[in-house]
Amino acid sequence: MSTRTYGRREVKHARYAVAAVFAVHGSVTGSFATRVPWIQDHAGVSAGQLGLALAFPALGASLAMPLAGSVSHRFGARTALRGLLALWTLALVLPSLAPNLLTLCLALFVYGATAGMSDVAMNALGVEIENRLDKSIMSGLHGMWSAGALIGSAAGTLAAHLGTDARTHHLLAAAVLTVTGLVACTWVLDLQPAEDEDPPPRFALPPRSALLIGAVGFCAVFAEGASLDWSAVYLRDELETSAGLAAACTTGFTLTMALARLAGDKVVDRFGAVRTVRVSGVLATLGGLLVVVGGHPAVAMTGFALMGLGIAVVVPLCFAAAGRAGSNPSLAIAGVATITYTSGLVAPSAIGGLAQATSLVVSFGLVTLLACCLVVFARVLRAGDRNRPKISPPVAEVPDRQS
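All figures in this text were calculated on a predicted structure; none of them were measured in a lab. (Residues numbered from 1 in each chain as written. Predicted model: local features only at pLDDT ≥ 70, side-chain atom pairs only at ≥ 80, totals over all residues. Heavy atoms only, no water.)

Peer 1: Would you mind showing me how to read the packing of helix H8 (residues 101–133) against helix H16 (residues 329–357) here?
Peer 2: Put simply, H8 and H16 touch, their axes get as near as 9 Å, and they point 130° apart. By the criterion of interaxial angle, the relationship of H8 to H16 is oblique. Seen from above, H8 lies across H16 with right-handed handedness. Contact with H8, carried on its side by Ala 115, Gly 116, Asp 119, Val 120, Asn 123, Ala 124 and Val 127, involves Ser 330, Ile 333, Ala 334, Ala 337 and Tyr 341 of H16 and no other residues of that element. Broken down by class, the residue content of the contact of H8 with H16 amounts to 8 nonpolar, 3 polar and 1 charged. (Axes fitted to C-alpha atoms, helices over the stretch in contact; angles between N-to-C directions. Helix = DSSP H or I, 4+ residues; strand = E, 2+ residues; numbered from the N terminus. Parallel < 35°, antiparallel > 145°, perpendicular 65-115°, else oblique. Left-handed = near helix turned anticlockwise from the far one by under 90°. Contact = heavy atoms within 4.5 Å. Nonpolar A, V, L, I, M, F, W, Y, C, P; charged D, E, K, R; others polar.)

Here it is as structure tokens:
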């Protein structure tokens, strides 16, 4: 990308703009998730067919993510993000329009493809801004994504409670989020490729550095997916709690993740990426042990909360490390994103399959083992430490100019 110099105020404005983009992206996810039962009924699919259809977002994202770098190179970072984010927000409408399994699968494929490409574009810009500010911001950006998801979920819950047709709900949500996203993109950095910069390949295997970083992200996202989908079931079935208390456990896990991400940047700046992830891995491992051996609802809920606290900053730091580990940040970020998306797809079914063969206690024993891997392999994220050489130039103290 171009090494154009931006004033400090411009970069700060770009940081807030990208934070708003992350919140918009998360809001789409939250809006969709709360209306899945309505979509299932409207499409007339069984639980098994719904499970098949819900694999298509990850498939679409995995196939489309490598294209994001080419789109950014051709149109520039700001225009690319504006277009990809608008496609993603508008794609929210598609699943609720699907009348059968085939159209639902196609709609979710497009939904996932636009989600993945916009995800890569916004994370690449986030890493660029972090490099120019010379301080950690990725954890806070992902915290804004979590906050957006919570807002989208709350609005979706209200719409479902009022009996609103999901087509109407998603059309209104898509309109509001599209306009919000387009306005926010006005202030992101307008990065353009250098004149002598070759365009990235449309499809390419992730670099080796991305594979190693992605493996760390895989462990964190596996624990996240397992906890989100199975923590309530664990409390209800293994510890015989009420449905309300079981649901509160999942809420607590989500809340600790969101709060830790919003506060995580100060910790990363103080201790560095590697030490932060090692401590995070210890907390997540301790949480997993409490879940597995606690045998009491309060202990298990504490364990899940600790897991949420422990894994919260790992994925943001994986994206930051990927964006700083080589000469092609978009390709590396796409590689890490593909691996983490795959982990999110695999985790719920893997936990369920292992639980059916053994028990949920054994399943969360595996989660605990993966959390322990964060401690062992945290050094892979050393590229994300602030004292390492930057790919992009830092902010120059120059007069502000219009972007």
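Peer 1: Sorry, what's going on with helix H11 (residues 208–238) here?
Peer 2: For an α-helix, the turn length of 3.6 residues means that residues three or four places apart are oriented alike. If you look at H11, its biggest bend is around 55°, right at Trp 230. Looking at the residues trailing H11, positive phi occurs at Glu 240, about 55°. (Bend = angle between axes of the 7 residues up to and from the residue.)

Peer 1: What should I look at first to understand the side chain of Ser 343 in this one?
Peer 2: Tracing the chain through its elements places Ser 343 in helix H16. By relative accessible area, which is 0% here, Ser 343 ends up buried. One polar contact links the side chain of Ser 343 to the main-chain carbonyl oxygen of Phe 218, over a distance of 2.8 Å. Within the structure, the side chain of Ser 343 is placed 3.0 Å from the backbone nitrogen of Phe 222, a separation counted as a polar contact. If we skip the residues at most four places from it in the chain, Ser 343 touches Phe 218, Val 221 and Phe 222. (Buried < 20%, exposed > 50% of the residue type's maximum accessible area, 1.4 Å probe, protein only. Polar contact = N/O pair within 3.5 Å; in protein donor to acceptor, adjacent residues only side chain to side chain.)

Peer 1: Just to check I follow, could you spell out H16 for this structure?
Peer 2: A rise of 1.5 Å per residue sets the reference length of H16, with its 29 residues, at 42 Å; its end C-alpha atoms lie 41 Å apart and thus fit the reference within 8%. The sharpest bend along H16 comes to roughly 30°, located at Val 346, with the proline Pro 348 sitting one to four residues further on. (Expected span 1.5 Å × (residues − 1).)

Peer 1: Hey, could you run me through the pattern of salt bridges in this one?
Peer 2: Within this structure, the stated rule accounts for 3 salt bridges. Ionic pairing is found between Glu 128 and Arg 132, a salt bridge with its closest N-O pair at 2.7 Å. Of the two residues, Glu 128 and Arg 132 both sit in helix H8, 4 residues apart, roughly one turn of that helix. The exposure classification of Glu 128 matches that of Arg 132, with both residues buried. The salt bridge partner of Asp 237 is Arg 236, with a shortest N-O separation of 2.8 Å. (Salt bridge = Lys/Arg side-chain N within 4 Å of Asp/Glu carboxyl O.)

Peer 1: Please explain the packing of aromatic side chains as it appears in this structure.
Peer 2: Given two aromatic rings, their pairing is described by the distance between the two centres and the angle made by the two planes. Evaluation of the coordinates by the stated rule reveals 6 aromatic pairs. Residues Phe 32 and Tyr 111 carry aromatic rings whose centres are separated by 4.8 Å and whose planes lie at 40° to one another, so their mutual orientation is tilted. With a gap of 79 residues between them, Phe 32 in helix H1 (residues 8–33) and Tyr 111 in helix H8 connect regions that are remote in the sequence. The pair Phe 32 / Tyr 111 is uniform in exposure class, with both members buried. With 5.3 Å between their ring centres and 85° between their planes, Phe 304 and Phe 364 make a pair best called edge-to-face. With Phe 304 in helix H14 (residues 297–311) and Phe 364 in helix H17 (residues 360–376), this residue pair connects regions lying 60 residues apart in the sequence. (Phe/Tyr/Trp six-rings, centres within 6.5 Å; stacked < 30°, edge-to-face > 60°.)

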